Every structure is written in C-alpha cells, then in structure tokens.
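# Coordinate inspection notes
Chain by chain, the residues run as shown.
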Amino acid sequence: MTFAPDTEVALASVVNLVNTESGGADGLLTLADLDAFLEREQFTGSRTHTASELRDVRQLRSVLRGIWTSTEDDAVEAVNRILRNARALPQLVRHDQWDYHLHATIPEAPLVERMAVEAAMAIVDVIRTGELGRLRVCAAADCADLVLDLSRNRSKRYCSTGNCANREHVRAYRARRGRG
C-alpha cells in the first residue's frame, strides 16, 4: 500500500513522537529534546518554546498512541475530535523543499495543534483506505513501541527503534535448537 508522500511522512512522525517514550525512557523531557525532535521531523511554523508547549506535545503523544491502538470507530471519533477542535480547513500548500501537500492549520497555529491535525489528517487516509491494520505495536514481547507497516505484503512486525527483530529471531533460533 502506498499512501501520499505527506501521509507517509506524517505517519512516520507519529511513530517517532510516540516512540520517544520507549522502554521506560522518555526522549521528550526538556525543551531541547523537543527542539531536536522537531528539527529531525522537519516541523515548521511558529513556536512558543515554553514548558506548556512541551507538556502539550507530551500529552498529544499519549492521545496518538491511543488512536494507533484503538478500534476503527474509536479512531474515527478521536480523529474527528482533533479536527473539530482545531477547526481544521484542509488546503494545498508548498514550502521549503516540499511540493504541494495538505495542511489543515495555519503556520501560526500552536505547535501541538499543527502536530495533532497533521497526524489526524494522515490517519484519516489510513481509515478511508481500510488500512488501519498497518498501524501496529511491536510484536516483541518486551517492547510496546509503534510500528508503521508500509510493506507490500503487510509483514512488518517489529519496531525500528531497537533491535527487537534481531532479539526475537535469536530467541526463535535458540528455541528451535533447544528442541532438536
């Protein structure tokens, strides 16, 4: 399945945001952490650089995890709530190195609102195409990180944040050798 490029970028950003809280560690403790995250993800627009902005993004992280792991009906309800609260008005824009893509907020909107709406718009595409099953949680027993499966055969099971796939393959190998 191939989504529009901006949808894939937004979905990957959701994964990266939620996975900043991984394995008991929090990668968004300070404003500097938030600055580094936003730079990596190439978020543009206004910023307040305040503790409340950081707190709001951390709260959004929990909301997005909830959407990622919810049923279709619950995901629709949560996405619609985000879009309603932001009074989202989708429009095509072109900026920086990006060709035309959708924005549903103005650049001056609060950071957390822009992040939430961008995520919601991407999840709308996933729901409309019946592909909610591509939003997963890592299959490793000791990991709860998010996984975005964009593979053709829907086979991605492990996150990209750790060595989960390698660990699970080694466990399976050792289990097979122990049996024989």
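Notes on the structure in this doc start here. One numbering rule holds for all chains: residues counted from 1, following each sequence as written. Note on the predicted model: pLDDT of at least 70 is required for a residue's local features to be given, and 80 or more for side-chain atom pairs to be given and counted; whole-chain, interface and lining totals, by contrast, use all residues. Note: side-chain values were computed over all heavy atoms of the structure, leaving out hydrogens and water.

Our focus in this paragraph is the overall build of the chain. Looking only at helices and strands, one finds six helices and six strands in the chain. Taken from N to C terminus, the helices and strands of the chain fall in the order α-β-β-α-α-α-β-β-α-β-β-α. The principal-axis extent of the C-alpha atoms belonging to the chain is close to 65 × 35 × 30 Å. By residue count, 35% of the 180 residues in the chain fall in the buried class. We call two residues contacting when some pair of their heavy atoms lies within 4.5 Å. Across the chain, every contact between residues at least 6 apart in sequence was considered, and the portion connecting residues at least 24 apart equals 56%. Exposure was quantified through the Shrake-Rupley algorithm and a 1.4 Å probe, taking into account, for residues, occlusion by the shown protein chains and nothing else. Element-wise, carbon and sulfur atoms account for 52% of the exposed surface of the chain, whose accessible area totals about 10,400 Å². Computing the positive centroid from 24 side-chain charges and the negative centroid from 25, the chain places the two 9 Å apart. Helix and strand assignments follow DSSP, with helices taken as H or I runs no shorter than four residues and strands as E runs no shorter than two, numbered in order from the N terminus. For every residue, the accessible area (1.4 Å probe, protein chains only) is compared with the maximum for its type, and the residue is labelled buried under 20%, exposed over 50%, or partly exposed between those bounds. His is not counted, nor are the chain ends; Lys and Arg add positive charge and Asp and Glu add negative charge. Note that the charge is assigned to NZ on lysines, CZ on arginines, CG on aspartates and CD on glutamates.

Further remarks concern the environment of N85. Tracing the backbone shows N85 in helix α4 (residues 72–85). On the accessibility criterion, N85 (54% relative accessible area) is exposed. As a C-alpha pair, N85 and L60 span 25 residues in sequence and 13 Å in three-dimensional space.

We call a set of buried residues a nonpolar core when its members are Ala, Val, Leu, Ile, Met, Phe, Trp, Tyr or Cys and they connect through side-chain atoms within 4.5 Å of each other. Among the nonpolar cores identified, the biggest contains 40 residues, and L11, L17, L64, I67, W68 and M115 are the most heavily contacted of them. Looking at this core, the elements that each hand over two or more residues are α1 (5–18), α2 (31–41), α3 (51–68), α4, α5 (111–128) and β6 (146–148). It is α5 that provides the largest number of residues to this core, a total of eleven residues. Those residues in contact with M115, other than ones at most four positions away along the chain, are L17, F37, L38, F43, V57 and L60. With seven residues, the next largest nonpolar core counts A140, V147, Y158 and C164 among its residues.

What follows concerns the pattern of salt bridges. Think of a salt bridge as a Lys or Arg side-chain nitrogen and an Asp or Glu carboxyl oxygen that are within 4 Å of each other. Scanning the model with the defined rule gives 15 salt bridges in all. Here R81 and E77 are joined by a salt bridge, their closest N and O atoms 3.3 Å apart. Of this pair, R81 and E77 both sit in helix α4, four residues apart, which is roughly one turn of that helix. Note that D125 is salt-bridged to R128, the shortest N-O span being 3.9 Å.

Moving on, we come to the pairing of strand β3 (residues 91–95). Both β3 and strand β4 (residues 98–103) contribute to a ladder of four bridges, which runs antiparallel. Across the sheet, residue Q91 finds its bridge partner in β4, namely H103. The rule for pairing is simple: two strands pair if DSSP sees at least two bridges between them. Remark: two residues form the turn of the hairpin made by β3 and β4, two consecutive strands paired antiparallel; D96 in that turn has positive phi of roughly 45°.

Attention now moves to α2. For α2, the complete set of buried residues consists of L34, F37, L38 and E41. Angularly, the buried residues of α2 cover 95° about the axis, an arc narrow enough to put them on a single face. Among the exposed residues of α2, those pointing more than 90 degrees away from its buried face are A32, E39 and R40. Tucked inside the fold, the buried residues of α2 contact α1, α3 and α5. Just downstream of α2, Q42 is the residue with a positive phi angle, here 60°. Taking the helix axis as origin, the arc is that swept by the directions to the C-beta atoms.

On the surface, L92, Y100 and L102 cluster together into a nonpolar patch covering about 340 Å² of accessible area. Looking at where Y100 falls in the secondary structure, it is placed in strand β4. Two joining distances apply to patches: 9 Å for like charges and 5 Å for nonpolar side chains (Val, Leu, Ile, Met, Phe, Trp, Tyr), and every residue must have over 30% relative accessible area and no salt bridge.

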